[in-house]
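# Structural characterization, general
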Amino acid sequence: MGHGNGLAVDLYYPFWSRFLDDFDVFVYDLRNHGWNAVGPRGGHNVPNMIRDQEQVVEAVSARYGRLPTIGVFHSLSALTALLSDSLGTGRTGDLSAWILFDPPLYKPRMGEAEFDKSADRSAELARRRTDRFRGESEFSELLHHLVLSRAVPGAADLMASTVLRKSADGRGVELRCPREYEAQIFSYARTYAFLVDLGNLRCPTKVIGSDPTMTFAYMPSFNLSHINTVDYDFIPDSTHFLQVEYPAECVQRMCEFLEGRGLL
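Because the structure is predicted, anything quoted here is derived from the model rather than measured. (Residues numbered from 1 in each chain as written. Predicted model: local features only at pLDDT ≥ 70, side-chain atom pairs only at ≥ 80, totals over all residues. Heavy atoms only, no water.)

### A few points about the overall build of the protein
- Looking only at helices and strands, one finds nine helices and seven strands in the protein.
- For the protein, with 264 residues in total, the buried portion stands at 50%.
- In the protein, once contacts between residues fewer than 6 apart in sequence are set aside, the share between residues at least 24 apart is 75%.
- Accessible surface for the protein amounts to roughly 12700 Å². Of this, 49% is attributable to carbon and sulfur atoms. (Helix = DSSP H or I, 4+ residues; strand = E, 2+ residues; numbered from the N terminus. Buried < 20%, exposed > 50% of the residue type's maximum accessible area, 1.4 Å probe, protein only. Contact = heavy atoms within 4.5 Å. Areas by Shrake-Rupley, 256 points an atom, 1.4 Å probe, with all protein chains shown as cover.)

Okay, here's the thing in structure tokens:
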């Protein structure tokens, strides 16, 4: 399971914890996110993240065997999976299916202007946001009102504990993924979203989006029901953080798809 830009996989615990009794669950943080150390900004780019993701899946297969394996990816990690030349083809861990939550993609010529505008807006917001706080409580209170008002109880505190670390100088806390790194990915997202071929998906694919009728606060969600190769659904009244807003519903839609494909 992979996470979105500027976030951390531990934030998704209300979602992925529901699989622990029945599955072997492997979660990982993208480079310069979560528990990972911060490396050079020049290496913080989509091509490197694609290679990282391939190596993670390949390592799981090499160590634990080639068992039926489902890739569950949100946002940025969904985009990097779709852009990989090998994930889902049998060369890196034999991914049997993809579950993509709110991936930043769309059919060419549909929604391009809106996507470009939102990418620019998100990048600018990331560059300007406060990156240091006196404590986690200051950050979580801000999040609760701005982006997590629909989330499960405790989600804002969970986000604070997973995307912040103690500042090196001991004065408060700071973002684990530096804001300049997050903005850099947003700035180039449109370039890579154009490269996804939705008519040639490499394995059974389920897309679960946020509510495309809602005003977005992070990235827009596009209704993909018109694309024949995509099994598309969305969670009503949800935002880009749907997995921590409606985790039970997300799990239900995911499991219905897997059961229909004979993967449960």
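### Quick notes on the sheet that holds strand β1 (residues 69–74)
- Spatial strand order, β1-β2-β6-β7: four strands in an open sheet with parallel pairing. In this open sheet, the two strands that pair with only one neighbour each are β1 and β7 (231–234). Averaged over neighbouring strand pairs, the angle between their axes works out to 15 degrees when direction is ignored.
- Relative to β7, strand β6 (residues 205–209) runs parallel, the two being bridged by four bridges. Considered in β7, the bridge of V207 is made with Y232.
- Of the strands in this sheet, β1 and β2 (95–101) are in contact with helix α3 (residues 76–83), which crosses β1 at around 125 degrees. (Pairing = 2+ DSSP bridges. Axes fitted to C-alpha atoms, helices over the stretch in contact; angles between N-to-C directions.)

### Quick notes on the packing of helix α2 (residues 46–64) against α3
- As a packed pair, α2 and α3 sit with axes 9 Å apart at the nearest point and diverge in direction by 80 degrees. By the angle class used here, α2 and α3 are roughly perpendicular. Counting all contacts with α2, which are made through V46, M49, I50 and Q53, the residues of α3 involved are L76, S77, T80, A81 and L83.
- Looking at side-chain class alone, the contact of α2 with α3 contains six nonpolar, three polar and no charged residues. (Parallel < 35°, antiparallel > 145°, perpendicular 65-115°, else oblique. Nonpolar A, V, L, I, M, F, W, Y, C, P; charged D, E, K, R; others polar.)

### Some points on the pattern of salt bridges
- Under the counting rule described, the total for this entry stands at four salt bridges.
- A salt bridge links R31 to D52, with the shortest nitrogen-to-oxygen separation between them at 2.6 Å. In this pair, R31 sits in the loop between α1 (13–16) and α2 while D52 sits in helix α2, placing the two residues 21 residues apart along the sequence.
- A salt bridge links D233 to R253; the shortest N-O distance between them is 3.1 Å. With a gap of 20 residues between them, D233 in strand β7 and R253 in helix α9 (residues 247–260) connect regions that are remote in the sequence.
- Accessibility expressed as a relative area gives 24% for D233, which makes it partly exposed. (Salt bridge = Lys/Arg side-chain N within 4 Å of Asp/Glu carboxyl O.)

By themselves these figures say nothing about function.
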